[in-house]
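Chain residues, written in single-letter form:
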Amino acid sequence: MWDGRVSQCHSDYLEKNILGDARKQSLKEIWKGREFERLRALMRDAERLTLGPCQTCCDGGETKEEAIQVGDRKIKMNLYVDQQLDIKAMDARLGSKR
């Protein structure tokens, strides 16, 4: 991040999973640290979708088309297999106009 914090992925722009701080640790310490080890274990065990950033990621992976209800509209979306979207939380963040 701009301030030295290290997120799990370039797509974690909401800063949901910070794994270290380059102002306080070397990059090697962060890379070999407990948080990155946990991330690698989740990925190895096919459980990455338990992480917030992975639940809303749109970079690759196996997807399925699904229609979701947003207000009075149905929208087709491509979701990762087993991905969950919290529409209420998204509406709250975006200041829903409904």
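Residues numbered from 1 in each chain as written. Predicted model: local features only at pLDDT ≥ 70, side-chain atom pairs only at ≥ 80, totals over all residues. Heavy atoms only, no water.

Tracing the backbone shows alanine 22 in the loop between β2 (18-21) and α1 (27-31). Overall, the relative accessible area of 37% leaves alanine 22 in the partly exposed class. Setting aside chain neighbours within four positions, we find alanine 22 in contact with Gly4, Val6, Leu27 and Ile30. (Helix = DSSP H or I, 4+ residues; strand = E, 2+ residues; numbered from the N terminus. Buried < 20%, exposed > 50% of the residue type's maximum accessible area, 1.4 Å probe, protein only. Contact = heavy atoms within 4.5 Å.)

It is worth spelling out the pattern of salt bridges at this point. Note that side chains of opposite charge can pair when their charged atoms are close. As enumerated under the stated definition, the model contains five salt bridges in all. In this structure, arginine 5 engages aspartate 3 in a salt bridge whose closest nitrogen and oxygen atoms are separated by 2.8 Å. Between glutamate 35 and arginine 34 there is a salt bridge, with the nearest N and O atoms lying 3.6 Å from each other. For glutamate 35, a relative accessible area of 26% gives the class partly exposed. Relative accessible area serves as the criterion here: at 69%, arginine 34 is assigned to the exposed category. Salt bridges here are not isolated pairs; linked through shared partners, they connect Asp3, Arg5 and Glu15. (Salt bridge = Lys/Arg side-chain N within 4 Å of Asp/Glu carboxyl O.)

If you walk through the whole model with that rule in mind, you get one aromatic pair. Ring centres 5.0 Å apart and planes at 50° place the aromatic pair tryptophan 31 and phenylalanine 36 in the tilted group. The exposure class assigned to phenylalanine 36 is buried, which follows from its relative accessible area of 10%. For arginine 40, the ring lying beneath its charged end belongs to tryptophan 31, and the centroid distance is 4.6 Å. (Phe/Tyr/Trp six-rings, centres within 6.5 Å; stacked < 30°, edge-to-face > 60°. Lys NZ or Arg CZ within 6 Å of the ring centre and 35° of its normal.)

Right, let's talk about unusual backbone geometry for a bit. Phi is positive for glutamate 15, which is not a glycine, with a value near 55°. Turning to its location among the elements, glutamate 15 is positioned in the loop between β1 (5-7) and β2. Judged by its relative accessible area of 31%, glutamate 15 is partly exposed. At alanine 46, a residue that is not glycine, the phi angle is positive and equals roughly 55°. Structurally, the position occupied by alanine 46 is in the loop between α2 (34-44) and α3 (52-55). A relative accessible area of 69% means that alanine 46 is categorised as exposed.

So yeah, pure geometry; function would need other evidence.
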